[in-house]
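# Examining the three-dimensional arrangement
The primary structure of each chain is shown beneath.
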Amino acid sequence: MSLYPSLEDMTVDKLARAQVSNTQSASAPPPIAAPIAAPVGGGKPPAYPTMYPSLGDMGLDVPSGLVEGHMRAVAQYAPQGQAVALPARATAGSQLATMVAPVSGSQEVGIMRSEIKQGIREVVICKDTKGKCGLAVKSINKGVFVGFVYRDSPAKMAGLRFGDQILQINGATVAGFSTDKATKVLQKAAPERIVLAVRDRPFERTITMQKDSANHIGFLFKKGKIEQIVKDTSAARNGILIDHYLVEVNGQNVVGLSDDQIEKVFIAAPRTTTITFMPAFVYEHMVKKYVNMAFVQLGNALP
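Residues numbered from 1 in each chain as written. Predicted model: local features only at pLDDT ≥ 70, side-chain atom pairs only at ≥ 80, totals over all residues. Heavy atoms only, no water.

## Digging into the nonpolar core
The criterion, for reference: As used here, the term nonpolar core means buried Ala, Val, Leu, Ile, Met, Phe, Trp, Tyr and Cys residues forming a set that is joined through side-chain atoms within 4.5 Å. The cut-offs for exposure are 20% and 50% of the maximum accessible area for each residue type, with area from a 1.4 Å probe on protein chains only; residues under the lower value are buried, those over the upper are exposed, and the others partly exposed. Only runs of H or I of at least four residues qualify as helices and only runs of E of at least two qualify as strands under DSSP, and these elements are numbered from the N terminus. By definition in these notes, contact holds between two residues if any of their heavy atoms fall within 4.5 Å.
Judged by nonpolar contacts, the single largest core of 20 residues is most densely connected at Ile125, Leu135, Leu160, Ile166, Ile194 and Leu196. Counting residues per element, the ones that place at least two in this core are β1 (120–125), β2 (135–140), β3 (143–149), β4 (165–169), α5 (179–188) and β6 (194–199). Once you skip the residues sitting within four places of it in the chain, Leu196 turns out to touch Arg121, Glu122, Val123, Ile125, Leu160, Ile166, Gln168, Ile169 and Leu186.

Now the structure itself:
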């Protein structure tokens, strides 16, 4: 069964597969069908008859011709009489490798940057000349999480992100550690090499959506918190939730940015946009300690 980055991708793919399957299964004598009208302004008629309402009628705002282009790709990789299948996408070892993305794009950078990978990875960091790793940790529900990452710090360059869960520090399991105890372990660690076992952002979710023709994202936020969702938008269709805080936009950290700054990030984002968000009760607990810190030093650069 195929996976899709967004509901729009699934809808377009299912539409294309159905039409290609119908065309390929047709046998002599061919079914009687109404003639295909030439497009306004001349040119060639579409390669496939239209079986379904237009995407606009279905409430999906996607570029014209996208379905037909995807149908050609489906037909190319689906021999006569066999099940329709598409080649692997994205990089090997990624969950995105099996996703079908006719709308979002098979190599959409924002999706790949935002991916929350399952499993545990090893991260090796050091300390800078001031003896700092560049991160602060927070204890939540007997787990230790990354609550703050400084820009251009060793932690940032090693790929640690807000919300990552630290499972071990130099081989010592930190389950049940308080914030102070985990911080002291990091402070006492040798500066040359600190080995962390990390699970990617377990409290966070990512959603890929499509901005509309007016470049709108389909939801309203205040102080980074999603408060309203616009009906019949890609955001609504793809499951954006209120009472959640924005954490990343296309993999760029927006924690601590003003609403105006976040809005500029959205304006500059491409049509296909992937957001990462976190439940308000977790987010507020995680950043409570840092409300008076200079968030401008947080790693808001791309990963």
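## Observations concerning the pattern of salt bridges
Selection criterion: We define a salt bridge as a side-chain nitrogen of Lys or Arg found within 4 Å of a carboxyl oxygen belonging to Asp or Glu.
In this structure the tally under the stated criterion is 6 salt bridges. The partner of Glu8 in a salt bridge is Arg237, and the shortest N-O contact between them spans 3.0 Å. Of this pair, Glu8 sits in helix α1 (residues 7–25) while Arg237 is found in helix α6 (residues 234–237), placing the two residues 229 residues apart along the sequence. Asp164 serves as the salt-bridge partner of Arg121, at 3.0 Å between the closest nitrogen and oxygen. Here Asp164 lies in the loop between α4 (154–157) and β4 and Arg121 lies in strand β1, a separation of 43 residues in the sequence. Linked by salt bridges that have partners in common, Arg121, Asp164 and Asp200 make up one network.

## Some details on the packing of aromatic side chains
To keep it simple, the criterion reads: Between rings of Phe, Tyr and Trp, where Trp is taken as its six-membered ring, a pair exists when centres lie within 6.5 Å; planes separated by under 30 degrees are stacked, by over 60 edge-to-face, and by other angles tilted. Only lysine NZ and arginine CZ atoms are considered, and such an atom sits over a ring when it is within 6 Å of the ring centre and within 35 degrees of the ring normal.
Per the counting criterion, the structure on display carries 7 aromatic pairs. Consider the rings of Tyr245 and Tyr283, whose centres lie 4.1 Å apart with planes at 10°: the pair is stacked. Of this pair, Tyr245 sits in strand β10 (residues 244–249) while Tyr283 sits in helix α8 (residues 280–287), and the two are 38 residues apart along the sequence. Ring pairing ties together the aromatic residues Phe162, Tyr245 and Tyr283, which thus form one cluster. Cation over ring: Lys181 sits above Phe177, and NZ or CZ is 4.3 Å from the ring centre.

## Thoughts on α8
Under the convention used in this document: The arc in question is the one traced by the directions running from the helix axis out to the C-beta atoms.
When we look at burial in α8, the residues that qualify are Ala280, Val282, Tyr283, Met286 and Val287. Along the long axis of α8, the arc covered by the buried residues comes to 165°, so they all point the same way. Buried residues along α8 sit against β2, β3, β9 (225–229), β10 and β12 (272–279).

Honestly, that's just the spatial picture; any functional story needs more than this.
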